[in-house]
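These are the residues of each chain, in order.
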Amino acid sequence: MTKEGKKSKATLQIEDAPGAAPVAEQPTSGGRRMTLNMGPQHPSTHGVLRVLLELDGETITSAKPEIGFLHTGIEKQFEVKKYQQGTPLTDRVDYLSNLTNNLGYALAVEKLLGLEIPPMAQWMRVMLCELSRISSHLTWLGTHALDIGAMSVYFYCFREREEIMKIFEMFSGQRMMTSYIRIGGLALEPPRGWHKVVSKAVEQLAKGIDEYFNLLSKNPIWCNRTKGIGVFPVDMMLDLGVTGPMVRAAGVKMDARKDFPHTSYDKFDFEVPTRTSNDVYGRFEVRMEEMRQSVRIVRQALGGMPSGAWQADAPHILLPDREKMKTQMESLIYHFKIVTEGFRVAENSVYQVVESPRGELGFYVVADGTPNPHRVFMRTPSFGNLQALGAMLQGQVIADSIAIMGSMDFVLGDVDR
Amino acid sequence: MLPEIAAENPTALAVQTEYPEAIVDAKVASDGLVLYISPLLLTPVCRLLKELGFDRLTAVTAVDWWPRSPRFEVVYFLHSIKNNVRTRVVVRLKEAESVESMCVIWRSANWYEREVFDLFGIEFRNHPNPERIMMPADWEGHPLRKDYPIHGFKYSYQDE
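The shown structure was predicted, so the numbers you read here are calculated from the model rather than taken from an experiment. The written sequence of each chain sets the order in which its residues are numbered from 1. Think of it this way: whatever chain is written first is A, whatever ligand is written first is 1, and the rest follow in order. Reporting in this predicted model follows two pLDDT cut-offs: at least 70 for local features of residues, and 80 or more for side-chain atom pairs to be given and counted; totals over whole chains, interfaces and linings ignore these cut-offs and use all residues. Only heavy atoms go into the side-chain values, all of them from the structure, while hydrogens and water stay out.

A. Structural context of the overall build of chain A. Within chain A, the secondary structure is distributed over 17 helices and eight strands. Taken over the C-alpha atoms alone, chain A extends approximately 85 × 60 × 35 Å along its principal axes. Working definition: with a 1.4 Å probe on protein chains only, accessible area under 20% of the residue-type maximum means buried, over 50% means exposed, and in between means partly exposed. For chain A, buried positions account for 60% of its 417 residues. Throughout, a contact is declared for two residues whenever any of their heavy atoms are within 4.5 Å. By sequence separation, contacts in chain A at least 24 residues apart represent 70% of the contacts at least 6 residues apart. Exposure was quantified through the Shrake-Rupley algorithm and a 1.4 Å probe, taking into account, for residues, occlusion by the shown protein chains and nothing else. Of the roughly 16,000 Å² that chain A leaves accessible, carbon and sulfur atoms contribute 54%. We score Asp and Glu as negative and Lys and Arg as positive, and we do not count His or the chain ends. A charge is said to be at NZ when it belongs to Lys, at CZ for Arg, at CG for Asp and at CD for Glu. The average position of the 47 basic charges and that of the 48 acidic charges among the side chains of chain A differ by 4 Å. To qualify as a helix, a DSSP run of H or I must reach at least 4 residues; to qualify as a strand, a run of E must reach at least 2; elements of each kind are numbered from the N terminus.

Here it is in structure tokens:
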């Protein structure tokens, strides 16, 4: 690539709308086009996303999303950290569903190591991931409704989300950056009295979800602004790399929890909700139904939580119990070795897929025999989904662009990494 | 040449019968088949894989094996919804070697290939928009290369 061939990032020439169909000429403003910068500080982009819109009157003739403002080089940082030090980095990628990120990374490294995780840790992982799915969807619902103009939903959603945050704090000591799912099991023993707290919160959530659904689905303004908006052909969606609730609202039953079962998800009874309307309202319905299914999974986990160890039996990989470390020589040596040197992973590579609230989250971990990963690539759902934004906005009215962007539910930390 | 471990995989067999010279190496990983393809035959093999049902290109990334040669591996993650199968296609590239863009086969390759170009400096021929995506347009160097220090070239913490 020569330097002259490279255009500046601020070029207003718009050519990056992969898959966009040509728009029919509409005589709205006598052919005068206006270029509008949406973001990087626009509130409805939920982060630092810049969208270059070319407008003909109220109609968007082309849209070019520009990303990279939040690029922090997390994938590069993985390469200088030891395997166990990578877990806190995964929290910071998709900061609304950090436990799912923890899970993806832990599963990938466990596959490389061939570790067997005890059933109690697996069920606990499932329960916490589903709670984090509910919390992520609640954040989405609140902010999406706020964008479209329904303000009170935001307060209700954040009130319920706070209960889930309290559960996370109880388990890990942290509200958001939990790092609770570690390589080989969990970070800490589950706290005393967790069962009571989680059951109480879940009952409240189950009631709340139905309430919010009625609050919006019977709201004529909400329905007018979402029904029939943002329809996009499903084959184009798949071609552009869209995953998660977006394709499920278009009738494609694709969910990594069912298709590639991990963490004993196959032992739980749940449905993958789909809709065929393929509009903003359909995506809303799918996410609401997903929350109900998550409540169902959490209830099953509460009812049948196995007892036993919460960490795998692998003294050379997992830090020993504090008490043992102080009394047993062998544990002290393992502790010293893990902290100073880390554990080595034989040369191999693995691609592990988990279902994040936003879609397919993949961790590609390449090991080279040293205690540091050679390469960690995160296939984040928001990046794949955002790629379709340019094509989706083309030909839409500018007021609808807010609803469409909201329905995609991207997190810019997840896009830029 | 198909190694024994992948000899019974239907996808590997289909590629082997159609393009016998294409497969450099193959293995079966825990997440599915891994095919090492010669860079010259990447486009026809990918077209064939799409016909075989791999309708989604999930992601494209690269691995830098510096100072080994060939230095780079470009990895294509494929997914077939119909058959519920995942496959990785790997192309090994020497330094300064380029590879054909897959945008004409799967449009999702667009941003992923831009990202690989930006962070690794691997060029994709016939890419519709070969610009940087993560780093600023005037950035020098490609940060995910192994010879690029973690703190960049501007500061050195060793001199202090």
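Structure shown, so let's carry the discussion forward.
B. Expanded view of the state of the cysteines. Residues and elements named next belong to chain B. For this text, the term disulfide refers to a pair of cysteine sulfurs within 2.5 Å. Under the counting rule described, the total for this entry stands at zero disulfides over all chains. Lacking any disulfide linkage, C46 is separated from the closest cysteine sulfur, that of C103, by 12 Å. With a relative accessible area of 11%, C103 lands in the buried category.

C. Looking closely at the interface of chain B and chain A. The interface is formed by 51 residues belonging to chain B together with 53 residues belonging to chain A. Computed with a 1.4 Å rolling probe, the buried area is the accessible surface lost when two parts are put together, summed over both parts. The junction of chain B with chain A conceals about 4,700 Å² of combined surface from both sides, 56% of it contributed by carbon and sulfur atoms. Its largest share of buried area at the contact with chain A, chain B owes to B:R107, B:W111 and B:M134, together 17% of the area lost on that side. As a salt-bridge pair, B:R68 and A:E347 come within 3.5 Å of each other at their nearest N and O atoms. What qualifies as a polar contact is a pair of N or O atoms within 3.5 Å, subject to a donor-acceptor requirement within protein and to the restriction that residues adjacent in sequence count only when both atoms come from side chains. On inspection of chain B and its partner chain A, the count reaches 18 residue pairs in polar contact (both at pLDDT 80 or more). Mapped by element, the contributors of at least two residues to the side of chain B that touches chain A are β3 (56-64), β4 (72-80), β5 (85-93) and α3 (109-120) of chain B. Under the scheme applied here, ten amino acids are nonpolar (Ala, Val, Leu, Ile, Met, Phe, Trp, Tyr, Cys and Pro), four are charged (Asp, Glu, Lys and Arg), and all others, including Gly, are polar. Residues belonging to the side of chain B that touches chain A are distributed by class as follows: 26 nonpolar, eight polar and 17 charged. Salt bridge, as used here: a side-chain nitrogen of Lys or Arg that lies within 4 Å of a carboxyl oxygen of Asp or Glu.

D. Representation of the sheet that holds strand β7 (residues 359-367) of chain A within the structure. Residues and elements named next belong to chain A. With respect to topology, three strands assemble into an open sheet ordered β6-β7-β8, the strand pairing being antiparallel. Edge positions in the open sheet fall to β6 (348-356) and β8 (375-379), since each of these has one partner strand only. Taking the axes of each pair of neighbouring strands and ignoring which way they run, one obtains an average angle of 15 degrees across the sheet. Between any two strands, pairing holds if DSSP finds at least two bridges. Lines fitted to the C-alpha atoms define the axes, with helices restricted to the stretch that makes contact. Angles between their N-to-C directions range from 0 to 180 degrees.

E. Local environment of the sheet that holds strand β2 (residues 32-37) of chain B. All names here are of chain B. The strand order across the open sheet built from five strands is β1-β2-β5-β4-β3, with neighbouring strands paired in mixed fashion. At either end of the open sheet lies a strand with only one pairing partner, and these are β1 (23-29) and β3. Within the sheet, the average angular offset between the axes of one strand and its neighbour, ignoring direction, is 20 degrees. Along the sheet, helix α2 (residues 42-51) makes contact with β2, β4 and β5, crossing β5 at roughly 180 degrees.

F. Geometry of the side chain of B:H142. Residue and element names in this part refer to chain B. Residue position: H142 is located in the segment after β7 (124-125). For H142, a relative accessible area of 18% translates into the label buried. In terms of polar contacts, H142 uses its side chain to reach the backbone carbonyl oxygen of D118, at 2.9 Å. In contact with H142, not counting residues within four places along its chain, are F117, D118, L119, F120, G121, R132 and Y148.

G. Representation of the packing of aromatic side chains. All names here are of chain A. Classification of ring pairs rests on two measures: the distance between centres of Phe, Tyr or Trp rings, Trp counted by its six-membered ring, which must be within 6.5 Å, and the angle between planes, read as stacked under 30 degrees, edge-to-face over 60 and tilted in between. Enumeration over the complete set of coordinates arrives at 19 aromatic pairs over all chains. Ring centres of F213 and F284 lie 5.6 Å apart, and the angle between their planes is 15 degrees; this geometry places the pair in the stacked category. With F213 in helix α6 (residues 194-217) and F284 in helix α11 (residues 280-304), this residue pair connects regions lying 71 residues apart in the sequence. One exposure class covers both F213 and F284, and it is buried. Every member of this aromatic cluster is reached through a ring pair, and the members are F213, W222, Y281 and F284. Lysine and arginine charges are scored as sitting over a ring when NZ or CZ, respectively, is within 6 Å of the ring centre and within 35 degrees of the ring normal. The ring centre of W140 lies 4.5 Å from the NZ or CZ of R287, which sits over that ring. Sitting over the face of the ring of F383, R417 holds its NZ or CZ atom 5.4 Å from the ring centroid.

H. Looking closely at the packing of α11(A) against helix α16 (residues 398-408) of chain A. Residues and elements named next belong to chain A. Two elements in contact, α11 and α16, have axes separated by 10 Å at closest approach and are oriented at 30 degrees. Classified by the angle their axes make, α11 and α16 are roughly parallel. Judged by the twist between their axes, the crossing of α11 over α16 is left-handed. Taking contact as the criterion, the partners of V280, R283 and R287 in α11 are, on α16, A403, I404, S407 and M408. A class-by-class count of the residues in the contact of α11 with α16 yields four nonpolar, one polar and two charged. Comment on the angle field: the value is read as roughly parallel under 35 degrees, roughly antiparallel over 145, roughly perpendicular from 65 to 115, and oblique elsewhere. A clockwise turn of the near helix away from the far one marks a right-handed crossing, whereas an anticlockwise turn of less than a right angle marks a left-handed crossing.

I. How the structure looks around the nonpolar core. Core analysis: the biggest nonpolar cluster contains 92 residues, and A:L49, A:V51, A:I67, B:L42, B:Y76 and B:I122 have the highest contact counts within it. Not counting residues within four places of it along the chain, the set of residues in contact with B:L42 comprises B:I37, B:Y76, B:V89, B:V91, B:V99, B:E100 and B:M102. By nonpolar core is meant a set of buried Ala, Val, Leu, Ile, Met, Phe, Trp, Tyr and Cys residues that side-chain atoms within 4.5 Å join together. In this structure, A:Y180, A:I181, A:W194 and A:L302 belong to the second largest nonpolar core, which totals 83 residues.

J. Quick peek at the confidence of the model for chain B. Predicted confidence across chain B gives a mean pLDDT of 86, with 96% of residues reaching 70 or more. In the predicted assembly, ipTM is 0.91 and pTM is 0.88. pLDDT is defined as a per-residue confidence score from the predictor, taking values between 0 and 100.

K. Representation of the pattern of salt bridges. By the definition in use, this model includes 39 salt bridges over all chains. Here A:R133 ties to A:E130 by a salt bridge, and the two come within 3.1 Å at their closest N and O atoms. Of this pair, A:R133 and A:E130 both sit in helix α4 (residues 119-148), three residues apart, which is roughly one turn of the helix. With respect to class, A:R133 is no different from A:E130; both count as buried. For the salt bridge of B:D147 with B:R71, the shortest nitrogen-to-oxygen distance reads 3.1 Å. Note that B:D147 is positioned in the segment after β7 and B:R71 in the loop between β3 and β4, a separation of 76 residues in sequence.

L. Quick peek at the pairing of β3(B). All names here are of chain B. With nine of its nine residues buried, β3 lies for the most part within the structure. Bridge count between β3 and β4: eight bridges; the pairing is antiparallel. Residue D64 lies in a different strand from β4, and its bridge partner there is F72.

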